[in-house]
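# Close look at the chain arrangement
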Amino acid sequence: MTQHHPIPHAVLFDCDGVLVDSEPATFDLIQEEFARYGVHKTISELEDAFIGSTIENVYQWGREHGADLPAGWVDSYYKALYARLREGTELMPGIPRLLARLDAEGIPFAVGSNGRKAKMEATLGQHPDIRTRLEGLLFSGQDMGMPKPKPDLYIHAARHLGADPAACVVIEDSPTGARAAKNAGMRCLGYSPKGDNPRLAAEGAELFTDMRQVPRLIGLDP
């Protein structure tokens with residue numbers, strides 16, 4: 001029997017891998033940098049270790065696993081990453097239509113990312129229509145000192161929208177983000193375009209594969 005959920009007060013989006021297809025460039029560069037400093041990992045191994053994490057955590061992990069990363073590596077990584085992302089970062093399929101639908105239904109939305117605000121500007125800034133819709137609604141756990149899986153980032157975003165946190169829905173693609181939603185007492189939809197994702201499901205996320213499914217999942221469509 002299908003469970004029927006009330007229409008949420010607000011929808012809170014992760015950014016990387018949910019709004020924008022920035023993960024491939026991010027992990028390619030991490031792989032290149034680690035190899036440059038003596039640690040060789042597959043993209044799959046890096047994704048397992050770091051999806052939803054922060055570059056500061058990547059730096060710590062790399063140092064602990066034998067990569068001789070210099071003290072200023074985080075800033076130099078960001079500089080190289082933003083340049084690469086500005087070469088072209090696509091929106092995830094279905095995002096423009098979904099945001100337009102939420103607007104039409106009067107459901108507010110915001111973004112809570114572990115990435116820096118500058119990273120969101122580098123990716124979302126390439127899509128002026130979407131970026132305009134998100135003016136004042138981009139919240140960085142890194143910049144604000146409240147990174148996921150702490151619940152603070154999503155609670156802050158909900159309150160900014162004037163929404164009851166318990167009545168919000170989060171859309172995430174990482175176990176870290178799903179745990180943040182769970183810690184905030186929020187329902188989490190786990191975006192998994194490749195299908196099965198046991199680690200995401202283990203954090204309580206309800207898996208889905210296509211943004212076109214979201215209106216039905218949040219009670220807008222029968």
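We now turn to the structure provided with this report. Just so you know, these numbers come straight off a predicted model, no measurement behind them.

The subject of this paragraph is unusual backbone geometry. Each neighbour pair has its own omega, and for Lys148 with Pro149 the value is 15°, a cis peptide bond. Assignment of secondary structure puts Pro149 in the loop between helix H8 (141-144) and helix H9 (152-160).

In this section: the pairing of strand S2 (residues 109-113). Burial of S2 is extensive: five of the five residues sit out of reach of the surface. Residues Phe109, Val111 and Ser113 of S2 are buried on one face, and the alternating residues Ala110 and Gly112, pointing to the opposite face, are buried as well. Here three bridges tie strand S1 (residues 10-13) to S2, and the two strands are oriented parallel to one another. Each residue of the ladder has a partner; that of Leu12, found in S2, is Ala110.

With that out of the way, let us pick up the sheet that holds S1. Taken in spatial order, the six strands of this open sheet run S3-S2-S1-S4-S5-S6, and their pairing is parallel. Looking at the sheet topology across the chains shown, the edges are occupied by strand S3 (138-140) and strand S6 (206-208). The sheet shows a mean angle of 25° between the axes of neighbouring strands, taken without regard to direction. Of the pairings in the sheet, the one linking strand S4 (residues 168-172) to strand S5 (residues 187-191) comprises four bridges and is parallel in character. Paired with Ile171 across the two strands is Leu189, which belongs to S5.

In this section: helix H4 (residues 73-86). The terminal C-alpha atoms of H4, which comprises 14 residues, lie 20 Å apart, in line with the 20 Å expected from a rise of 1.5 Å per residue. Among all positions of H4, only Trp73, Val74, Tyr77, Tyr78, Leu81, Tyr82 and Leu85 are buried. In an axial view of H4, the angular spread of the buried residues amounts to 160°, which keeps them on one side of the axis. Facing away from the buried side of H4, by more than 90 degrees, are the exposed residues Asp75, Lys79 and Arg86. Where H4 is buried, its residues touch helix H1 (23-36), helix H3 (55-64) and helix H6 (117-124). Taken from the residues just after H4, Gly88 is the one with a positive phi, measuring 145°.

Along the polypeptide, Ser113 turns up in strand S2. Residue class for Ser113 comes out buried when judged on its relative accessible area of 1%. Only 2.9 Å separates the side chain of Ser113 from the backbone nitrogen of Gly115, close enough to count as a polar contact.

Along the chain, the position of Thr26 falls in helix H1. Setting aside residues no more than four positions away along its own chain, Thr26 makes contact with Tyr77, Leu81 and Lys119.

The subject of this paragraph is the environment of Asn197. Position of Asn197 relative to the elements: it lies in the loop between S5 and helix H11 (198-202). Other than its neighbours up to four places away in sequence, Asn197 contacts Asp173, Ser192 and Leu207.

Moving on, we get to the pattern of salt bridges. Oppositely charged side chains are able to pair whenever their charged atoms sit close together. Scanning the model with the defined rule gives 18 salt bridges in all. A salt bridge links Glu121 to Arg131; the shortest N-O distance between them is 2.8 Å. With Glu121 in helix H6 and Arg131 in helix H7 (residues 128-133), this residue pair connects regions lying ten residues apart in the sequence. Among the residues examined, Glu121 registers a relative accessible area of 32% and is labelled partly exposed. In this structure Arg131 comes out as buried when scored by relative accessible area, which is 11%. By sharing partners, the salt bridges in this structure join Lys117, Glu121, Arg131 and Glu135 into a single network.

Thresholds applied
Residues numbered from 1 in each chain as written. Predicted model: local features only at pLDDT ≥ 70, side-chain atom pairs only at ≥ 80, totals over all residues. Heavy atoms only, no water. Helix = DSSP H or I, 4+ residues; strand = E, 2+ residues; numbered from the N terminus. Buried < 20%, exposed > 50% of the residue type's maximum accessible area, 1.4 Å probe, protein only. Pairing = 2+ DSSP bridges. Axes fitted to C-alpha atoms, helices over the stretch in contact; angles between N-to-C directions. Expected span 1.5 Å × (residues − 1). Arc of directions from axis to C-beta. Contact = heavy atoms within 4.5 Å. Polar contact = N/O pair within 3.5 Å; in protein donor to acceptor, adjacent residues only side chain to side chain. Salt bridge = Lys/Arg side-chain N within 4 Å of Asp/Glu carboxyl O.

Keep in mind these numbers describe shape, not what the thing actually does.
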